[in-house]
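Read off the chains here:
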Amino acid sequence: MKYTTLPHTDIEVSKICLGTMTWGKQNTEAEGHEQMDYAFNEGVNFFDTAELYPVPPHADRYADTEKIIGTWFKRSGNRDKIILASKIAGKAEFTKFIRTTGFTRQSITQAVEGSLQRLQTDYIDLYQLHWPDRNTNFFGQRGYAYDVTDHWKDNIHQVLETLRDLIREGKIRHVGLSNETPWGVMRYLEESKVHPSLPRMITIQNPYSLLNRLFEVGNAEVSHREKIGLLAYSPLGFGTLSGKYLGGMQPATSRITLFPNYKRYSGETAVGATERYHKLAQDNDLSMAQMALAFVNTRPFLTSNIIGATSMRQLQENIASIDVELSDAVLEGIEEIHNAIPNPAP
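To keep things clear, this report deals only with the structure shown in the data block. A quick note: this is a predicted structure, and the numbers were derived from the prediction, not measured. (Residues numbered from 1 in each chain as written. Predicted model: local features only at pLDDT ≥ 70, side-chain atom pairs only at ≥ 80, totals over all residues. Heavy atoms only, no water.)

### A word on the overall build of the protein chain
Next up, step 1: On a plain count of helices and strands, the protein chain comes out with eleven helices and ten strands.
Next up, step 2: Taking 346 residues into account, the globule formula puts the C-alpha radius of gyration at 20 Å, and the protein chain, at 19 Å, falls close to it.
Next up, step 3: In terms of overall dimensions, the protein chain has a C-alpha envelope of 55 × 50 × 40 Å along the principal axes.
Next up, step 4: Taken across its 346 residues, the protein chain has 57% of its residues classed as buried.
Next up, step 5: Look at the contacts in the protein chain between residues 6 or more apart in sequence, and 78% of them connect residues 24 or more apart.
Next up, step 6: Averaging the coordinates of the 36 positive side-chain charges in the protein chain and doing the same for the 41 negative ones gives two points 4 Å apart. (Helix = DSSP H or I, 4+ residues; strand = E, 2+ residues; numbered from the N terminus. Rg over C-alpha atoms; globule rule 2.2 N^0.38 Å. Buried < 20%, exposed > 50% of the residue type's maximum accessible area, 1.4 Å probe, protein only. Contact = heavy atoms within 4.5 Å. Lys, Arg positive; Asp, Glu negative; His and termini not counted. Charge placed at Lys NZ, Arg CZ, Asp CG, Glu CD.)

Here it is, written out as structure tokens:
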């Protein structure tokens, strides 16, 4: 395994982070425990979860993923060896069963305390805002659409005050963003610069893959100049970049087969790009999944690459990507495809 540090801290984390959002829906508790055992033994010390998980979210299985991690901590005794990240769900139609209040002081406090109880721990190392509670572009929306009826009241100072108080209480250690835009990142950073008592956002968890490199358009410069690290999610585009959907294949237990509304990485242009990346991998004797993950692993703005799997075979292949070195020819081939078909799956 290779390691880096969470920005502005001395906390060492593996460059492969274990994603958990299938546990409790596509994976059982026993399978989740098996994945954590294997990842931990392979040197992965960074786990990412959320109160929203498993996905798709549903009231009957609310936060079951956190409960599975909590029982693993209790069984293994490894809590102090893991850097744990979780998230509060943002406001949305599909999260009304969780809350409808957005990021108020009460909602953030209750969310943290609920996660701590389910995770069977006294603290969360990195607590993230899962997506903005204002109207902006994320979750497959390429551009920002101006809305004259949008009267969002800027509550960023209050959000940071609440997070500061939770840090002082020892319930969380550091804070980060997710599905955030360059404006949002800078707004949070500037607030903590103007008010030094407020905590600084140290990471941003956004989608990043061969099919979606929009992070490079604005957030990469913010990441570089402000030292805020990317936690890349969906590096295989819901499994699309494993090649398992090529040729019209629909594996019975795959996410897109089970949840056909998750079409973010399945458009015609994305399929065309995937076919070209698949050929590039084949021509260079590489697994496409490992080529895709290895590309993400080498990005200069990356702090950690969040991989997820529903089978042990997938998990083993994904973690092993840390040892894959891409040649100049492969990197040039990737750029050629990207320039021809840029960001087909925002």
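### Looking at a nonpolar patch on the surface
Next up, step 1: Among the surface-exposed residues, Y144, Y146 and V148 lie close enough to one another that they form a single nonpolar patch of about 410 Å² accessible area.
Next up, step 2: Among the secondary structure elements, V148 is positioned in the loop between β6 (124–129) and α4 (156–168).
Next up, step 3: Looking at V148, the relative accessible area reads 61%, which means it is exposed. (Patch = residues over 30% accessible without salt bridge, like charges linked within 9 Å, V, L, I, M, F, W, Y side chains within 5 Å. Areas by Shrake-Rupley, 256 points an atom, 1.4 Å probe, with all protein chains shown as cover. Salt bridge = Lys/Arg side-chain N within 4 Å of Asp/Glu carboxyl O.)

### Considering the nonpolar core
Next up, step 1: The biggest cluster of nonpolar side chains holds 92 residues, and the ones touching the most others in it are L18, L163, M201, Y277, M291 and I334.
Next up, step 2: When neighbours within four sequence positions are excluded, M201 is seen to be in contact with L129, L160, L163, V175, G176, L177, Y188, L189 and I228.
Next up, step 3: In terms of nonpolar packing, the next biggest core, distinct from the first, is built from twelve residues, L6, I83, L126 and I202 among them. (Core = buried A, V, L, I, M, F, W, Y, C linked by side-chain atoms within 4.5 Å.)

These results come straight from atomic positions and should not be treated as a statement about function.
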